[in-house]
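# Examining the three-dimensional arrangement
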Amino acid sequence: MPFGRRQLLAGLATSLLAPRLAIGSQAPQRIISLDYGLASTAMALGVVPKAIAASADWDRWVIEPPLPPEVADLGSPWEVNFEIISELKPDLILNTPYGGALTPRLQEIAPVLQLDVYTADGGDVLPKAVAATRRLGVALGRSAEAEQFILEADTLFDTCRERIAKVGSQPVAMVYFMDPRHVRIYTSPGLYANVLKRIGMNNAWTAEGNFWGFETIPIENLATITDPEARLIAFDPLLPDVMPILERSPLWQTLPFARHGHLTVLPGSLMFGMLNDAMRFARIMTDYAEANA
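Now for a quick tour of the structure. (Residues numbered from 1 in each chain as written. Predicted model: local features only at pLDDT ≥ 70, side-chain atom pairs only at ≥ 80, totals over all residues. Heavy atoms only, no water.)

Turning our attention to the sheet that holds strand β4 (residues 92-95). If you trace the 5 strands from one edge of the open sheet to the other, you get β3-β2-β1-β4-β5, paired in parallel fashion. This sheet does not close on itself; its edge strands, each paired only once, are β3 (72-73) and β5 (112-114). Across 3 bridges, the pairing between β4 and β5 is parallel. Considered in β5, the bridge of Ile93 is made with Val112. Helix α2 (residues 36-44) contacts β1 (31-33), β2 (51-52) and β4 of the sheet and is inclined by roughly 145° relative to β1. Across the sheet, helix α6 (residues 125-139) is in contact with β4 and β5; its angle to β5 comes to roughly 165°. (Pairing = 2+ DSSP bridges. Helix = DSSP H or I, 4+ residues; strand = E, 2+ residues; numbered from the N terminus. Contact = heavy atoms within 4.5 Å. Axes fitted to C-alpha atoms, helices over the stretch in contact; angles between N-to-C directions.)

As a further point, take the sheet that holds strand β9 (residues 231-235). One open sheet holds the 5 strands; their spatial order is β8-β7-β6-β9-β10, and the pairing between them is mixed. Among the strands making up the open sheet, the edge pair consists of β8 (214-218) and β10 (263-266). Pairs of neighbouring strands in the sheet enclose a mean axial angle of 35°, with direction left out of account. Taken together, the 4 bridges between strand β6 (residues 172-179) and strand β7 (residues 182-186) define a ladder with antiparallel strand orientation. Its bridge partner being in β7, Asp179 is matched across the sheet by His182. Contacts from helix α11 (residues 275-291) reach β6, β9 and β10 within the one sheet, and its direction differs from that of β9 by about 140°.

So, on to the nonpolar core. Among the nonpolar cores identified, the biggest contains 52 residues, and Phe157, Val195, Ile199, Phe235 and Met285 are the most heavily contacted of them. Listed by contribution, the elements that provide at least two residues to this core are α2, β4, α6, α7 (143-167), β6, α8 (191-198), β9 and α11. Ranked by residues supplied to this core, first place goes to α11 with 9 residues. In this structure, Ile199 is in contact with Phe157, Cys160, Arg161, Ile164, Ala282, Met285 and Thr286, ignoring residues within four places of it in sequence. Within the second largest apolar cluster, 19 residues are counted, among which are Phe177, Ile219, Leu232 and Val242. (Core = buried A, V, L, I, M, F, W, Y, C linked by side-chain atoms within 4.5 Å. Buried < 20%, exposed > 50% of the residue type's maximum accessible area, 1.4 Å probe, protein only.)

In this section: the side chain of Arg280. Inspection of the secondary structure assignment puts Arg280 in helix α11. Residues within four places of Arg280 in sequence aside, it is in contact with Val62, Ile63, Glu64, Pro267, Gly268 and Ser269.

Right, here's the structure in full:
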């Protein structure tokens, strides 16, 4: 569903939920993030974090935008380096429920803004990512930039939908190979499924998964997808032994996706991300649809 005027105006109410700055104080300038999606969103709004958790894996999972080399690495999001955090003297720390157990200790160092996108209370992820972007914009004193970013995302989704409508597309099942026998298949209410619907493509896997937007299944369960036009999309990073083992697997050969042209490996996009990652995913899938028209 496009983010129309009513949704844009509704963003004003979101400011009531953002952390309050003292009267006369400046918007936070020295922020750190324990979450990739929040970090990339802050960067889209013009604020580069001083540090993020697991920065070493940014190029593997997030990919774009490139992470500036000056951004420090806080280590694992479950065991961040509190000494580095203290030394950086942040004026705001970005967190999610995933790292919520660390919040009390983080609050001893600086104010913490916890934004909820992937939560067990259900609901589609894409609208939650939009709401979180607005809250982050308010907290950073960049509400105008947040609204512009949301508009850019919506415009991109509209453009992708128009491009796909011109060429058509088959239903797709989207997976990440955990190993040669198991896949993480992407479902509603997750980001991939939300964006796929938004740009006018159909998810061949109709069952709902967990609130992260996936279900882990053995590859033989892919046989339950009965649409003969369905295609399988696997996302990088692909483990190096997956394809060689699949090519020798009698089980894999019985699946319709083993047929030539029914499996495609595409560049990855952060499935647990926010608008930046949704936009990357939309571009990847639109290019795929056009290339396979």
